[in-house]
Amino acid sequence: AGDPAFATVEMECLRRLRAVFTSAEIAVVYGSTEAYPIAWTGAAEAEKMAALAPPCPGAFWAGRPHPALRLRVLRPGPGLPEDAPPGEPGELAVSGPQVVRSYFGDADGSLAARFKFAGPDGALWYRTGDLGVLRDGGVRLAGRARERSA
């Protein structure tokens with residue numbers, strides 16, 4: 001999702017859609033099968049945010065987090081989840097009512113254990129595998145995290 005070429009194509013697509021559907025409100029939604037929606041933005045806001053300097057190479061605006069969602073940026077890599085310093089990119093993790101609790105056919109929970117963990121308050125968190133940073137009041141995606149916690 002954090003491929004700069006994808007972001008360029010996406011912005012061109014948004015511009016074309018806005019030119020054709022002049023009275024339509026166009027939204028871009030970021031999420032995954034396990035947690036949807038995570039963030040969203042309107043086409044006009046996406047174009048405005050694309051003009052700002054990205055916080056890290058290739059990062060592009062994915063939108064503002066869903067209000068019922070909690071979002072963390074974790075240091076990439078194996079081991080126990082640890083928050084990345086503010087403003088630094090890391091693996092996005094989400095918690096909230098839209099995070100699925102289990103996978104079909106995963107009776108022993110081994111698949112879920114690869115992607116989910118309990119936070120200090122006992123809340124269920126899902127590691128998205130996406131590299132991102134919180135900035136400008138929203139989420140900027142910068143690619144895929146190279147490693148996941150096992």
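Predicted model only: the values in this text are computed from it and were never measured.

1. Quick word on the overall build of the protein
- Counting secondary structure elements, the protein contains three helices and eight strands.
- When the helices and strands of the protein are read in sequence order from the N terminus, they spell out α-β-β-α-β-β-β-α-β-β-β.
- Across its three principal axes, the protein shows a C-alpha extent of roughly 50 × 30 × 25 Å.
- Across the 150 residues of the protein, 42% fall into the buried class.
- Taking the contacts inside the protein whose residues are at least 6 apart along the sequence as the reference set, 61% of them involve residues at least 24 apart.
- Here the protein displays about 8,300 Å² of accessible surface, and carbon together with sulfur accounts for 58% of that area.
- In the protein, the 17 positive side-chain charges and the 17 negative ones have mean positions that sit 2 Å from each other.

2. A short note on the side chain of aspartate 106
- Among the structural elements, aspartate 106 can be located in the loop between strand E5 (90–95) and helix H3 (110–115).
- It is lysine 116 that comes nearest to the buried, bridge-free aspartate 106 among opposite-charge side chains, at 7.6 Å.
- Contact partners of aspartate 106, with chain neighbours within four places excluded, come to Leu111 and Ala112.

3. A few points about the nonpolar core
- Counting residues in each nonpolar core, the largest one holds 19 residues, and the members touching the most others are Tyr30, Ile38, Val94, Tyr126, Val139 and Leu141.
- Going through the elements one at a time, strand E3 (60–65), strand E4 (70–74), E5, H3 and strand E8 (138–144) are the ones with two or more residues in this core.
- For tyrosine 30, the residues in contact, after removing those within four places along its chain, are Pro37, Ile38, Ala39, Ala62, Leu92, Thr128, Asp130 and Leu141.
- If you look at the next biggest cluster of nonpolar residues, it comprises eight residues, including Leu14, Ile26, Ala43 and Ala46.

4. Comments concerning the pattern of salt bridges
- Applying the stated criterion to the full structure yields eleven salt bridges.
- Linking glutamate 47 and arginine 15 is a salt bridge whose minimum nitrogen-to-oxygen distance equals 3.5 Å. Of this pair, glutamate 47 sits in helix H2 (residues 43–50) while arginine 15 sits in helix H1 (residues 4–20), and the two are 32 residues apart along the sequence.
- For glutamate 47, a relative accessible area of 21% gives the class partly exposed.

So, how was this worked out
Residues numbered from 1 in each chain as written. Predicted model: local features only at pLDDT ≥ 70, side-chain atom pairs only at ≥ 80, totals over all residues. Heavy atoms only, no water. Helix = DSSP H or I, 4+ residues; strand = E, 2+ residues; numbered from the N terminus. Buried < 20%, exposed > 50% of the residue type's maximum accessible area, 1.4 Å probe, protein only. Contact = heavy atoms within 4.5 Å. Areas by Shrake-Rupley, 256 points an atom, 1.4 Å probe, with all protein chains shown as cover. Lys, Arg positive; Asp, Glu negative; His and termini not counted. Charge placed at Lys NZ, Arg CZ, Asp CG, Glu CD. Salt bridge = Lys/Arg side-chain N within 4 Å of Asp/Glu carboxyl O. Core = buried A, V, L, I, M, F, W, Y, C linked by side-chain atoms within 4.5 Å.

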